[in-house]
Amino acid sequence: MNLLDSIRNGTLATVSGAVIAATAAFIWFTNQGVEHAGWVGFLAILAAVVASFVALIRRFRRSRGDERQQMKWFVTAANRLNHVDLYRWNPAHAVKPLELVRRIEAPKTPSHLSIDSKSTVVYASLQDSDELLAIDLATQAVRWKVPTGKMPADLYLTPDDRLLLVGLTGDRFVEAYDVSSPQPKLVKRIATGNGAHAFRSMGDGRHLFVSNRVANTISQIDHTTLTVVAELPGPGGPDCMDL
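Residues numbered from 1 in each chain as written. Predicted model: local features only at pLDDT ≥ 70, side-chain atom pairs only at ≥ 80, totals over all residues. Heavy atoms only, no water.

Engineer: Could you clarify how one ought to interpret the side chain of T169 in this entry?
Structural biologist: Topologically, T169 is positioned in the loop between β9 (163-168) and β10 (173-178). Using a relative accessible area of 10% as the deciding quantity, one classes T169 as buried. If we skip the residues at most four places from it in the chain, T169 touches K150, M151, A153, G195, A196, H197 and R213. (Helix = DSSP H or I, 4+ residues; strand = E, 2+ residues; numbered from the N terminus. Buried < 20%, exposed > 50% of the residue type's maximum accessible area, 1.4 Å probe, protein only. Contact = heavy atoms within 4.5 Å.)

Engineer: How do you make sense of the confidence of the model for the chain when you look at a structure like this?
Structural biologist: Low-confidence regions, as indicated by low pLDDT, have predicted coordinates that should not be scrutinised in detail. Taken over all residues, the pLDDT of the chain has a mean of 84, while the share at 70 or more is 72%. Counting contacts from residues 1-10, a segment whose pLDDT is below 50, to residues more than four positions away or on other chains yields 18 contacts. Taken as a whole, residues 63-69 scores under 50 in pLDDT and shows 11 contacts with residues more than four places along the chain or in a different chain. (pLDDT = per-residue confidence, 0-100.)

Engineer: How should I be thinking about the packing of aromatic side chains in this particular structure?
Structural biologist: The relation between two aromatic rings is expressed through the spacing of the ring centres and the mutual angle of the planes. Under the definition given, this model contains four aromatic pairs. Here the aromatic rings of Y123 and W144 are separated by 5.9 Å at their centres, their planes lie at 40 degrees, and the arrangement is tilted. Pair noted here: Y123 is in strand β5 (residues 121-126) and W144 is in strand β7 (residues 141-147), with a separation of 21 residues, a long-range link. Considering the side-chain rings of Y156 and F199, the 6.3 Å spacing of their centres and the 50 degrees angle between planes classify their relative orientation as tilted. Taken as a pair, Y156 in strand β8 (residues 152-157) and F199 in strand β12 (residues 196-201) lie far apart in primary sequence, 43 residues in all. With respect to class, Y156 is no different from F199; both count as buried. Taken together, the ring pairs connect F74, Y87 and W89 into an aromatic cluster. (Phe/Tyr/Trp six-rings, centres within 6.5 Å; stacked < 30°, edge-to-face > 60°.)

Engineer: How should I be thinking about the sheet that holds strand β6 (residues 131-136) in this particular structure?
Structural biologist: Strand pairing in a sheet relies on backbone hydrogen bonds, with the paired strands running either antiparallel or parallel. Read from one edge of the open sheet, four strands run β4-β5-β6-β7, paired in antiparallel fashion. Two strands lie at the open edges of the sheet, namely β4 (110-115) and β7, each paired on one side alone. Within the sheet, the average angular offset between the axes of one strand and its neighbour, ignoring direction, is 20 degrees. For β5 and β6, the ladder comprises six bridges, and the chain directions are antiparallel. Bridging across to β6, Y123 finds its partner in A134. (Pairing = 2+ DSSP bridges. Axes fitted to C-alpha atoms, helices over the stretch in contact; angles between N-to-C directions.)

Engineer: Explain the sheet that holds strand β2 (residues 83-89) here, please?
Structural biologist: Reading across from one edge, β1-β2-β3 is the order of the three strands in this open sheet, with antiparallel pairing throughout. Looking at strand neighbours, the two that pair on one side only are β1 (73-78) and β3 (98-105), the edges of this open sheet. Mean inter-strand twist for the sheet, computed between neighbouring axes without regard to direction, equals 20 degrees. Both β2 and β3 contribute to a ladder of seven bridges, which runs antiparallel. When the sheet's bridge partners are listed, Y87 is paired in β3 with L100.

Engineer: Looking at this structure, I do not really get the pattern of salt bridges. What am I missing?
Structural biologist: Close approach of charged atoms allows side chains of opposite charge to pair. The full count for this structure, using the stated rule, is 10 salt bridges. Notably, a salt bridge pairs K118 with D161, separated by 4.0 Å at the nearest N-O pair. Here K118 is found in the loop between β4 and β5, whereas its partner D161 is found in the loop between β8 and β9, with 43 residues between them in sequence. Where K145 meets E131, a salt bridge forms, and the shortest distance between an N and an O atom there is 3.9 Å. A residue pair is termed long-range when its members are at least 10 positions apart, and K145 in strand β7 and E131 in strand β6 qualify at 14 residues. Using a relative accessible area of 41% as the deciding quantity, one classes K145 as partly exposed. Among the residues examined, E131 registers a relative accessible area of 18% and is labelled buried. By sharing partners, the salt bridges in this structure join D171, E175 and R189 into a single network. (Salt bridge = Lys/Arg side-chain N within 4 Å of Asp/Glu carboxyl O.)

Set out below in C-alpha cells:
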C-alpha cells in the first residue's frame, strides 16, 4: 500500500469529517458572539487537518510494517552448516553492532527466515529435512518443529502474524499454516505450479506473488482467501522477485 492508496482508502473521509466538525464549531462560536471567532475557527480547522494527516502517516507506516517494535535481533540461516544464528542488534555500538547470543542447531539446510511483526519469533524453513522451525527470540529456544511438504523454501507471514505461507520447491504447492496458537496448524495446500519457491507482497495488504521455478509461471495469491486469483507467465525459471 502506498501513500496515495492510504488517502484513497478512507483517510480523505477522515480529514473531511474533521474539517466539517471544525467548521461547525466555528459557526457556533460566531453565532454565540465569541470574540475572535474567526481565528478560533481557523485554528480549529488547522488542528483537525494536522491531526488527520498524522493519523494518515501512522496508518501508512503500519501498512508498511515500519511501526514494529524496536529492532533487537539480526538472524542468519547458515544454509551449509545447519544452524540458525541469533545476534543482538545494537547499531549504536560502533565496534560490535552484532553480538552472537545463541546458535540453534537446525538440520537440515535452513533456507529462508521470517520474523513476526513484534520481533518475538523467527520461522525457518529446513529445506533438506522437509521441516518448519520456530524459534522464540526472548528465550532463544525452539518453540516447535513440524514436517512440511517437499523442500520448503521461502516464507511469507501475513500482516496480522496469523498465517505463515511456505513455498514448496520440491512440489507444486504453497502450504498455509495458522501460527497464532502454541502449535501450528496446516490450514491449506494451495496449488500454484511446480517449483513454488519465492514470495513477494504486492503491498496492498491482501495479495502476493509466488514464483514457480519449474513451471515457469508466477501465481498471484489472495492470502485472505488462500486462493490463486491470477497466473502470469514467467519464462526462464523465475526465482526471487521484487516489485
